[in-house]
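Single-letter residue listing:
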Amino acid sequence: MGAILGTALSLTLTISGAAVAAGAGPAAAQNHLAGHVLLGVGIGLLIATVVRLAARIVFARIGASVPEPEAPPAPAGATVVTLLPARQAPVAPLRGRHAA
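Reference entry: report on the structure contained in this document. Because the structure is predicted, anything quoted here is derived from the model rather than measured. (Residues numbered from 1 in each chain as written. Predicted model: local features only at pLDDT ≥ 70, side-chain atom pairs only at ≥ 80, totals over all residues. Heavy atoms only, no water.)

**Points about the overall build of the chain**
Then comes step 1: Counting its secondary structure elements, the chain contains 2 helices and 0 strands.
Then comes step 2: The 100 residues of the chain split such that 12% are buried.
Then comes step 3: Of the contacts formed within the chain by residues at least 6 apart in sequence, a portion of 65% connects residues at least 24 apart.
Then comes step 4: Carbon and sulfur atoms form 70% of the exposed surface of the chain, whose accessible area is close to 8,900 Å². (Helix = DSSP H or I, 4+ residues; strand = E, 2+ residues; numbered from the N terminus. Buried < 20%, exposed > 50% of the residue type's maximum accessible area, 1.4 Å probe, protein only. Contact = heavy atoms within 4.5 Å. Areas by Shrake-Rupley, 256 points an atom, 1.4 Å probe, with all protein chains shown as cover.)

**Re a nonpolar patch on the surface**
Then comes step 1: Taken together, Leu-5, Leu-39, Ile-43, Ile-47 and Val-51 make up a surface patch of nonpolar side chains, about 380 Å² in accessible area.
Then comes step 2: In terms of residues, the nonpolar patch owes the most to one element, helix α2 (residues 26-65), which gives 4 residues.
Then comes step 3: Mapping Ile-43 onto the fold places it in helix α2.
Then comes step 4: Take Ile-43: its relative accessible area is 40%, and that puts it in the partly exposed class. (Patch = residues over 30% accessible without salt bridge, like charges linked within 9 Å, V, L, I, M, F, W, Y side chains within 5 Å. Salt bridge = Lys/Arg side-chain N within 4 Å of Asp/Glu carboxyl O.)

**Observations concerning the environment of Thr-7**
Then comes step 1: You can see Thr-7 is positioned in helix α1 (residues 2-23).
Then comes step 2: Residue Thr-7 is classed as partly exposed on the basis of its relative accessible area, which comes to 45%.
Then comes step 3: Taking C-alpha positions, Thr-7 is 7.3 Å from Leu-45, a pair spaced 38 residues apart along the chain.

**Considering the environment of Ala-8**
Then comes step 1: Summarising the element assignment, Ala-8 is placed in helix α1.
Then comes step 2: By relative accessible area, Ala-8 is classed as partly exposed at 40%.
Then comes step 3: Through-space distance from the C-alpha of Ala-8 to that of Leu-45 is 9.2 Å; in sequence the pair is 37 residues apart.

**Here's the deal with the environment of Arg-52**
Then comes step 1: With respect to the helices and strands, Arg-52 occurs in helix α2.
Then comes step 2: C-alpha of Arg-52 to C-alpha of Leu-5: the two residues are 47 residues apart in sequence and 9.1 Å apart in space.

In structure tokens, the structure reads:
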């Protein structure tokens, strides 16, 4: 989602900056087009990062404000634990220079 938002903002700012540079005439468009493209990409990604960070903070605050229900304590008593025997890993035969 952040990559999509960043790409959309970058393209929007890049195209609008290029349109502004082209509107000033051919000489201005040649000189400022590359700058507007780079600024559009950089500012678009910066805005996308800020929006994503703000969304994370908002969601973290919403999640932190919801109280979790308390689990009842487990009854005290004897606990039986069963362990299964561990299987040995199959060993492949070594061939060639790996056998040494």
